[in-house]
Amino acid sequence: MMDQAEKLRQIIDNLKLRQAVSQANLLNTLRKKSAKVITVTSGKGGVGKTNVTVNLAIALSEMGKRVTILDADFGLANIDVLLGIVPKYTLVDVIYDNKNILEVLSDGPKNIRFISGGSGVEELVKLDRIQLEKFLGNISILDRLSDVILIDTGAGLSDSVMSFVMAADEVLLVTTPEPTSVTDAYALIKMVSNRDKEKKIRVIVNRAENENEANDILEKLSIVTDKFLELKLEPLGYILNDEMVIKAVKMQRPFALSFPKCQASKHIKEISSKIIDSRNDKSGAEYTGIKSFVQRLVSLLNT
């Protein structure tokens, strides 16, 4: 029979094994691939960019992706309005009030998370090297919590918006069929092409009257961009006009949840599928993650 000393040794050995496994799991988590950072933007305001961002996050989450939204629209931060949630803290609290990034994360529906940027990102350019390194170490936690990080920018062609666009792994450009919206979208694409012709830009046409109108816009934008700017656009899809979207906004609830079978929900799911389609996607190892995104952003904002 096993004596008490032998039993004790076995218990200790088992505990050591469990600790080793836990440490190995932790290391594997820390070595996990970086999150894919996507900037969602538009050439002009009023095209439904933020609504697309929120519902895209819901759809991606339903497909098994861990999604975090960073609301970086300083002028009209509307993520919290569309979700009906008032965040307690913003990125400013992380920068100046020693809040942990986990403390400023708000839980949204379907396990998505979001962070209110406030004026936080603009404040990053004022930090010294030590303060910035501390912030980078803090925000890098998001890479371990997220597969996809959606950055909802302001609209337009300002230097700050362009910095967000150029810092991201890829850009999701939202336009509507309105001539002014398409013109401004092309102006943004032109600004990107002047900086980096290899930048990945994927285009969504929102509020189209029908499939033909949407495809016509996507085709014309792609042809003109390829011919005159030597940049390849990727048409990502469209969302047709749907009165359920307006109803959902009034309810302060994403249309993908309120009306999951409506036309707009169907289209946002199709777009989400294309975003995570491995055949068109980079391997996860190629994504640089949120820490590198912020480093590039600060560098661009300082130029």
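Residues numbered from 1 in each chain as written. Predicted model: local features only at pLDDT ≥ 70, side-chain atom pairs only at ≥ 80, totals over all residues. Heavy atoms only, no water.

**A look at unusual backbone geometry**
In step 1: Phi is positive for Arg-207, close to 60°, though the residue is something other than glycine.
In step 2: Backbone geometry places Glu-230, a non-glycine residue, at a positive phi of 55°.
In step 3: By secondary structure assignment, the location of Glu-230 is in the loop between helix 11 (211-229) and strand 8 (233-240).
In step 4: The exposed category is assigned to Glu-230, whose relative accessible area is 57%. (Helix = DSSP H or I, 4+ residues; strand = E, 2+ residues; numbered from the N terminus. Buried < 20%, exposed > 50% of the residue type's maximum accessible area, 1.4 Å probe, protein only.)

**Notes on the packing of helix 7 (residues 129-139) against helix 15 (residues 289-301)**
When two helices pack together, their arrangement is given by the angle between their axes and by how far apart the axes lie.
In step 1: The contact between helix 7 and helix 15 brings their axes to 8 Å, and the two run at 145°. By crossing handedness, the relation of helix 7 to helix 15 is classed as right-handed. Contacts from Leu-132, Phe-135, Leu-136 and Ile-139 of helix 7 reach helix 15 at Ile-290, Lys-291, Val-294, Gln-295 and Val-298.
In step 2: Class assignment for the residues of the contact of helix 7 with helix 15 results in 7 nonpolar, 1 polar and 1 charged. (Axes fitted to C-alpha atoms, helices over the stretch in contact; angles between N-to-C directions. Left-handed = near helix turned anticlockwise from the far one by under 90°. Contact = heavy atoms within 4.5 Å. Nonpolar A, V, L, I, M, F, W, Y, C, P; charged D, E, K, R; others polar.)

**Examining helix 10 (residues 179-195)**
In step 1: The terminal C-alpha atoms of helix 10, which comprises 17 residues, lie 25 Å apart, in line with the 24 Å expected from a rise of 1.5 Å per residue.
In step 2: Residues of helix 10 that are buried: Ser-181, Val-182, Ala-185, Leu-188, Ile-189, Val-192 and Ser-193. Buried residues of helix 10 fall within an arc of 140° about the axis and therefore sit on the same side. In helix 10, the exposed positions angled more than 90 degrees off the buried face are occupied by Pro-179, Thr-183 and Asn-194.
In step 3: Where helix 10 is buried, its residues touch strand 1 (36-41), helix 9 (159-167), strand 6 (170-175), strand 7 (201-208), helix 11 and strand 8. (Expected span 1.5 Å × (residues − 1). Arc of directions from axis to C-beta.)

**Points about the pairing of strand 6**
In step 1: Burial analysis of strand 6 places 6 of its 6 residues in the buried class, the great majority of the element.
In step 2: Of the two faces of strand 6, the one carrying Glu-170, Leu-172 and Val-174 and the one carrying Val-171, Leu-173 and Thr-175 are both buried.
In step 3: One ladder, built from 4 bridges, connects strand 1 with strand 6; its direction is parallel. Its bridge partner being in strand 6, Thr-41 is matched across the sheet by Leu-173.
In step 4: Two elements, strand 6 and strand 7, share 5 bridges in a ladder whose sense is parallel. Note that in strand 7 the partner of Val-171 across the bridge is Ile-201. (Pairing = 2+ DSSP bridges.)

**Some thoughts on the sheet that holds strand 2 (residues 67-72)**
In step 1: Taking strand neighbours across the sheet as the criterion, the 8 strands line up as 3-4-2-5-1-6-7-8 in an open arrangement whose pairing is mixed. Since the sheet does not close on itself, it has two edges, and those belong to strand 3 (106-107) and strand 8, each with one partner.
In step 2: Inspection of the sheet shows strand 7 paired to strand 8 by 7 bridges, in the parallel sense. By the bridge assignment for strand 8, Val-203 is matched with Pro-235.
In step 3: In the packing of helix 9 onto the sheet, contacts are made with strand 1, strand 2, strand 5 (148-153) and strand 6, and the angle to strand 1 comes to roughly 145°.
In step 4: With respect to the sheet, helix 11 is in contact with strand 6, strand 7 and strand 8, its orientation differing from that of strand 8 by roughly 160°.

**Things to note about the nonpolar core**
In step 1: Counting residues in each nonpolar core, the largest one holds 35 residues, and the members touching the most others are Leu-56, Ile-69, Leu-150, Leu-172 and Ile-275.
In step 2: Counting residues per element, this core draws most heavily on helix 2 (residues 49-62), at 7 residues.
In step 3: Grouped together as the second largest cluster of nonpolar side chains are 31 residues, Leu-70, Leu-91, Leu-124 and Ile-151 included. (Core = buried A, V, L, I, M, F, W, Y, C linked by side-chain atoms within 4.5 Å.)

**Structural notes on the pattern of salt bridges**
In step 1: Overall, the coordinates contain 10 salt bridges when judged by the stated rule.
In step 2: In this structure, Lys-110 engages Glu-62 in a salt bridge whose closest nitrogen and oxygen atoms are separated by 3.7 Å. With Lys-110 in the loop between strand 3 and strand 4 (113-116) and Glu-62 in helix 2, the pair connects residues that are 48 residues apart, well separated along the chain.
In step 3: The class for Lys-110 is partly exposed, based on a relative accessible area of 40%. (Salt bridge = Lys/Arg side-chain N within 4 Å of Asp/Glu carboxyl O.)

**Comments concerning the packing of aromatic side chains**
In step 1: For the structure shown, the criterion picks out 1 aromatic pair.
In step 2: Considering the side-chain rings of Phe-164 and Phe-293, the 6.2 Å spacing of their centres and the 40° angle between planes classify their relative orientation as tilted. Residue Phe-164 is located in helix 9, and its partner Phe-293 is located in helix 15; the two are separated by 129 residues in the primary sequence. Both residues of the pair, Phe-164 and Phe-293, belong to the buried class. (Phe/Tyr/Trp six-rings, centres within 6.5 Å; stacked < 30°, edge-to-face > 60°.)

That is the geometry; function is a separate question.
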